[in-house]
Protein chains: 2
Amino acid sequence: PVPVDPKVKRASDILKYGIPDRGPTVRYYQNHVLSYDQARRTPLWVAEHINSQHIQGPANRKHSKFRPDPSVDPMFTAHNGDYWKSGWSRGHMAPAGDNKFDQEAMNDTFLLSNIVPQNLQNNAGFWNRFEMYCRDLTSRFEDVYVVSGPLYLPTQEDEQKVVKYPVIGESEVAVPTHLYKVVVAERFNTPTSIGAFIVPNQPIDFGPKLTDFQVPIEDLEKSSGLKFYPQLDRSKAKNLCEMDSCKLITQKEFELWIIGRKLQSARTQERVEKVWKELEEKKLKPDQYLVDLYAKKKVELAAKQSEE
Amino acid sequence: PVPVDPKVKRASDILKYGIPDRGPTVRYYQNHVLSYDQARRTPLWVAEHINSQHIQGPANRKHSKFRPDPSVDPMFTAHNGDYWKSGWSRGHMAPAGDNKFDQEAMNDTFLLSNIVPQNLQNNAGFWNRFEMYCRDLTSRFEDVYVVSGPLYLPTQEDEQKVVKYPVIGESEVAVPTHLYKVVVAERFNTPTSIGAFIVPNQPIDFGPKLTDFQVPIEDLEKSSGLKFYPQLDRSKAKNLCEMDSCKLITQKEFELWIIGRKLQSARTQERVEKVWKELEEKKLKPDQYLVDLYAKKKVELAAKQSEE
Ligand SMILES: [Mg+2]
Ligand SMILES: [Mg+2]
């Protein structure tokens, strides 16, 4: 017979009625994997693998809806109502935009198990640009791995360090003080690169650089209580921000991108013209993509109008 | 071949470098089992099984030392130095006194994985009496199961609910706002009893009753993110405080108990007499246990003195 550790034997008495259950360690979705924090009603971490095939395709966020994750026990799930009038937006950890290849995969990212209360400007601005940077890495690396999640960091308050964060709604969803990403990028026959970043859950304008938020991965691990990529040999890994630029898109590029999004979703010719005028007002020179999109939209909407 | 869930198949790419690791779900000790919160450097829950055999015996806390749990990754462990001058005491979750049967089992409860920063008066007072009550249950029930742990509960602050707690020392050990216990008691041929309690991590005097802190177990589960005793059929369980008294020992009984502890640890005859005088000062009538202990101590110390 296999010898049994007496501590484990004793545990079978102690745990006669089962182990206190914090839910499954890992939850699986179409194109992301996460661990859920049942006490805080947010993910603990969300893992992705991004490559050039996943970030393009027909999926559109207008077909996706935020909703409670049916796999999470009702006692521990967040609800859309928790976010309403809370002052906090619903921030994706696995971004919708990493799942353009498949509508179902994109829909999965709208499950509230993948969402944290995020400052709206941060969500639409700096964090959005950070997500774009991760996708853009696939033009220079074959495989990009990202783990994202919320943090609850202390601040000095008088003589002591204090952790302080609001909880929102009936479900008391925790609002993180910071968000993190650990990014691993690799291509054939070159060393793997890794970078860890902690971003405050606050408005961040175009002044700060992504590298301003880079931290030693061990610092993030100590704060989060997690060890990331345990099967990666870090002694051979390079600093992502030395192997690649870690440069986010500029204000100009970002504004052109926003105008592109507005053009794409425009449903009337007046709206198309109004968006196009923003370029002049902001003294922005459209790139070829925008010029083509503008022309295409005008033809489309003219045809639609003549049908009516 | 066994069909593979495509989500799980995709996960093997996403998790190429391993799952973010929050440490083992369950850690085993001589006479308790716990789950450790690597981010907060405290246990998440600690489970015990108490019966009359475990709570008596030769083990003595004077032979035990608080120390970092060697099984916890150094990055995530608490240290004794974190507690020094912090204003918080080291509070056992599995109490030392539940392990009188075995010195090694008692020593295990002094590992900092079993400890949370606890208000000293709470630790020595109300919580101590609560632990005594759990042990006393073994005189009326054969088996008592207890799960104990820390909580971080929000309070209303202006318009919003806020979670706020200090962290102490270099390791930033989280100071819980509350502590919980879920107690299951059973004896042959009677229904199992269960009670859940949430106690503020503050001084509590002899006014409040234990029942003042009883809560529906579902409330505790929602706050903690844990489901307790998942293999217990709750529909058949009774309310512990209806099946038993849930009465803590009185102030008088508690003061006698403290004098007993002082007598036991007295090392000189002067000390013995000084402690004995406290009875008069406090107008307490010693019970037979104390009278016998007093006599025994005097003989012991007289013999010791004549040896010197
Ligand atoms: Mg977002
Ligand atoms: Mg104690």
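Just so it is clear, the model here is predicted, and its values are computed rather than measured.

Calculation criteria
- Residues numbered from 1 in each chain as written.
- Chains lettered and ligands numbered in written order.
- Predicted model: local features only at pLDDT ≥ 70, side-chain atom pairs only at ≥ 80, totals over all residues.
- Heavy atoms only, no water.
- Contact = heavy atoms within 4.5 Å.
- Buried area = accessible area lost by both parts, 1.4 Å probe.
- Salt bridge = Lys/Arg side-chain N within 4 Å of Asp/Glu carboxyl O.
- Polar contact = N/O pair within 3.5 Å; in protein donor to acceptor, adjacent residues only side chain to side chain.
- Helix = DSSP H or I, 4+ residues; strand = E, 2+ residues; numbered from the N terminus.
- Expected span 1.5 Å × (residues − 1).
- Buried < 20%, exposed > 50% of the residue type's maximum accessible area, 1.4 Å probe, protein only.
- Arc of directions from axis to C-beta.
- Phe/Tyr/Trp six-rings, centres within 6.5 Å; stacked < 30°, edge-to-face > 60°.
- Least-squares fit on C-alpha atoms with pLDDT ≥ 70 in both.
- UniProt positions renumbered as here; feature names shortened; annotations may be inferred.
- Pairing = 2+ DSSP bridges.
- Core = buried A, V, L, I, M, F, W, Y, C linked by side-chain atoms within 4.5 Å.
- Disulfide = S-S within 2.5 Å.
- 1 Å grid on protein atoms, 1.4 Å probe; cavity = no way out; pocket = protein on both sides within 12 Å on 5 of 7 lines; lining within 4 Å.
- Points joined across faces, edges and corners; volume = space filled by probe spheres on them.
- Nonpolar A, V, L, I, M, F, W, Y, C, P; charged D, E, K, R; others polar.

(A) Layout of the interface of chain B and chain A. With 67 residues of chain B in contact, the opposing surface of chain A contributes 68 residues. Surface buried jointly by chain B and chain A totals about 6200 Å² across both partners, of which 59% is contributed by carbon and sulfur atoms. For chain B, the biggest contributors to the area lost against chain A are I14, Y17 and R22 of chain B; these three give 14% of the whole. Inspection of the chain B/chain A interface yields 8 salt bridges. On the surface where chain B and chain A come into contact, there are 30 residue pairs in polar contact (both at pLDDT 80 or more).

(B) Local environment of helix α10 (residues 288–307) of chain B. Residues and elements named next belong to chain B. End to end, α10 covers 29 Å across 20 residues, agreeing with the expected 28 Å (1.5 Å per residue, within 8%). By the burial criterion, the buried members of α10 are L290, L293, Y294, K297 and L301. Each buried residue of α10 sits inside an arc of 100 degrees when the element is viewed along its axis, so together they form one side. Exposed positions of α10 whose direction lies more than 90 degrees from the buried face are Q288, K296, V299, S306 and E307. Taken together, the buried residues of α10 touch α8 (251–265) and α9 (269–281).

(C) View of the packing of aromatic side chains. Applying the stated criterion across every chain yields a total of 20 aromatic pairs over all chains. Centroid distance Y17 of chain A to Y145 of chain B: 5.8 Å. Interplanar angle 75 degrees. Geometry classified as edge-to-face. On the criterion of chain membership, the pair formed by Y17 of chain A in the loop between α1 (6–14) and β1 (27–28) and Y145 of chain B in strand β6 (residues 143–151) is interchain, its members lying in two chains. Classification of Y145 of chain B by relative accessible area gives buried; the value is 4%.

(D) Fine view of the relation of the copies chain B and chain A. The two copies are related by a screw operation: chain B maps onto chain A through 180 degrees of rotation and 0.0 Å of translation along the axis, at an RMSD of 0.1 Å. Accordingly, the operation relating the two chain copies is best matched by a two-fold axis. Proximity to the rotation axis, assessed at the C-alpha, singles out K164 of chain B in chain B; its C-alpha lies 2.2 Å from the axis. Take the interface residues of chain B: 100% of them recur as interface residues in chain A, which is what a same-surface contact looks like.

(E) Highlighting the UniProt feature "active site" (unreviewed entry) in chain A. Residues and elements named next belong to chain A. Taken from the UniProt record, the annotation "active site" (unreviewed entry) applies to H92. Here H92 is in contact with R61, F66, T109, F110, N114, I115, Q118, W127 and E131, once residues within four sequence places are set aside. A polar side-chain atom of H92 sits 3.4 Å from the main-chain carbonyl oxygen of T109.

(F) Quick peek at the pairing of strand β11 (residues 193–200) of chain B. All names here are of chain B. Most of β11 is tucked away: 8 of the 8 residues are buried. Residues of β11 alternate between two faces, with S193, G195, F197 and V199 on one and I194, A196, I198 and P200 on the opposite face, all of them buried. Pairing of strand β10 (residues 178–186) with β11 involves 8 bridges; the strand directions are antiparallel. Following the sheet pairing, L179 is matched in β11 by V199. From the end of β10 to the start of β11, which pair antiparallel, there are 6 residues, and N189 there has a positive phi angle of about 70 degrees. Looking at chain direction, β11 and strand β13 (residues 238–239) are connected through 2 bridges and run parallel. Note on β13: the bridge partner recorded for I194 is N239. The pairing of β11 with strand β12 (residues 214–215) spans 2 bridges and is classified as antiparallel.

(G) Fine view of the nonpolar core. Formed by 34 residues in total, the largest nonpolar core has its most connected members in F130, V144, V183, F197, L210 and L240 of chain B. Considering each element in turn, this core owes the most residues, 5 residues, to helix α5 (residues 126–136) of chain B. Filtering out sequence-adjacent residues up to four positions away, F197 of chain B remains in contact with F130, L179, Y180, K181, V183, L210, F213, Q214, V215, L240, C241 and C246 of chain B. With 33 residues, the next largest nonpolar core counts I50, V72, A94 and L248 of chain A among its residues.

(H) Quick look at the state of the cysteines. Residue and element names in this part refer to chain A. Counting across every chain of the model gives 2 disulfides over all chains. There is a disulfide in this structure between C241 and C246, and the S-S distance comes to 2.1 Å. Taking the torsion about the sulfur-sulfur bond, which here is approximately -80 degrees, the covalent link between C241 and C246 counts as left-handed. When sorted by exposure, C241 lands in the same class as C246, which is buried. Free of any disulfide, C134 has its nearest neighbouring cysteine sulfur in C246, separated by 8.9 Å.

(I) Examining the pattern of salt bridges more closely. Enumeration over the complete set of coordinates arrives at 30 salt bridges over all chains. Each of the salt bridges in this network shares a partner with another, and the network as a whole consists of D136, R140 and D244 of chain A.

(J) Molecular detail of the environment of V116 of chain A. Residue and element names in this part refer to chain A. If you trace the backbone, V116 turns up in strand β5 (residues 115–118). Spatially, the C-alpha atoms of V116 and V173 are 8.1 Å apart, while their sequence positions differ by 57 residues. Leave out the neighbours within four places in its chain, and V116 touches T42, P43, Y83, S89, R90, G91, M93, P150, P176 and L179.

(K) Region of interest: the UniProt feature "binding site: Mg(2+)" (unreviewed entry) in chain A. Under the UniProt annotation, "binding site: Mg(2+)" (unreviewed entry) lies at N123 of chain A. Here N123 of chain A is to be found in helix α4 (residues 120–124).

(L) Broad picture of empty space enclosed by the protein. Counting across every chain of the model gives 1 cavity of 30 Å³ or more. In this structure, the largest cavity encloses a volume near 30 Å³. Surrounding the largest cavity, I14, L15, G18 and P20 of chain A together with A47, E48, Y145, V146, V147 and Y229 of chain B form its lining. At the level of secondary structure, the elements contributing two or more residues to the lining of the largest cavity comprise β3 (42–50) and β6 of chain B. Broken down by element, the lining of the largest cavity gets its largest block of residues, 3 residues, from β6 of chain B. Grouping the amino acids of the lining of the largest cavity by side-chain chemistry returns 8 nonpolar, 1 polar and 1 charged.

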